[in-house]
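# Structural features, examined
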Amino acid sequence: MQMTTAGINWFYTMEGQGEPVLFLHGGLDTCANYTNLLAELADGFRVIAVDRRGHGRTADTDAPFDYALMAEELAAFARGLDLPPFHVIGYSDGANIGLHMASRFPETVKSLIAISGNYKGLSGMSEGCLAMFDALSVEFVQEHMPEVLEQYAELNPPPTPETFIAKTKKLWNQESVISRELLASLRVPTLIVGGDRDMVLPEQLVEMKTLIPDASLLMLPYCGHFVFQDFAWSSTAASAVQLFKKFLTTRFSEHNTDFI
């Protein structure tokens, strides 16, 4: 499906019935990589998966890749679909955008599941991740992640890999993604998710859980940054999605809430 808002010609898919869930993919990524996740979520929800500007089948504009700006763009996309208040599930860059959406549009974001997001920018990432951010270039991606450029060239109209990688590198080399003050001001029910071997340092995920009022934390054992893509799909991912559904529907209300 396609729709245009504010000069962006969005490509998106929609499947399932129920409360709407907006899925936001990660960087150098596309919703096409999450067929298992989307199918699981569509069993109980109306799932809208959108390729964000410059990714997948959604063409870029001259605007930079910026988390706050992309949150505004995706809020406009949701208004274009005339969605009622919706849940957001974001992965990596999509989680960062989801945090900004929850902060700026709390009247439309019903809840947020932020998978492997970060708020600190560079200081909250692993050493290997920082080395990759520093080396990021078309040549680096071609050597180490050739499937990313192959998929981008196949899907994006029209592909401009130099700009795509340069914008992504600038986005990833920021000192801050979202302020502690904005996290502390969130009133949207939030589930923070990450792997205990994630490139987003697990201690940062714990900090985010502490900063966001009444947030919950799901740490996936023996998992890194890639868990929910089709190439990484496992029984752990499938089990986590069942917990996602419980969070979205009941906020785990069947649990004892009289905590010491």
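Computed from a prediction, not measured in an experiment: that's the story for all the values here.

## Let's talk about the packing of aromatic side chains
This model, assessed by the stated rule, comprises 9 aromatic pairs. Summarising the aromatic geometry, the rings of phenylalanine 226 and phenylalanine 231 are spaced 5.9 Å apart at their centres and angled 50° between planes, so their arrangement reads as tilted. Taken together, the ring pairs connect Trp10, Tyr12 and Phe77 into an aromatic cluster. The aromatic ring of phenylalanine 11 is capped on one face by arginine 57, whose charged end is 5.1 Å from the ring centroid. The ring of phenylalanine 247 carries arginine 251 above its face, with NZ or CZ at 5.2 Å from the centroid.

## Points about the side chain of aspartate 93
Among the secondary structure elements, aspartate 93 is positioned in helix 3 (residues 93–104). You can call aspartate 93 buried: its relative accessible area is 3%. Looking at aspartate 93, its side chain comes within polar contact range of the side chain of tyrosine 67, at 2.7 Å. In this structure aspartate 93 touches His25, Gly26, Gly27, Arg52, Tyr67, Leu171 and Trp172, once residues within four positions along its chain are discounted.

Rules behind the numbers
- Residues numbered from 1 in each chain as written.
- Predicted model: local features only at pLDDT ≥ 70, side-chain atom pairs only at ≥ 80, totals over all residues.
- Heavy atoms only, no water.
- Phe/Tyr/Trp six-rings, centres within 6.5 Å; stacked < 30°, edge-to-face > 60°.
- Lys NZ or Arg CZ within 6 Å of the ring centre and 35° of its normal.
- Helix = DSSP H or I, 4+ residues; strand = E, 2+ residues; numbered from the N terminus.
- Buried < 20%, exposed > 50% of the residue type's maximum accessible area, 1.4 Å probe, protein only.
- Polar contact = N/O pair within 3.5 Å; in protein donor to acceptor, adjacent residues only side chain to side chain.
- Contact = heavy atoms within 4.5 Å.

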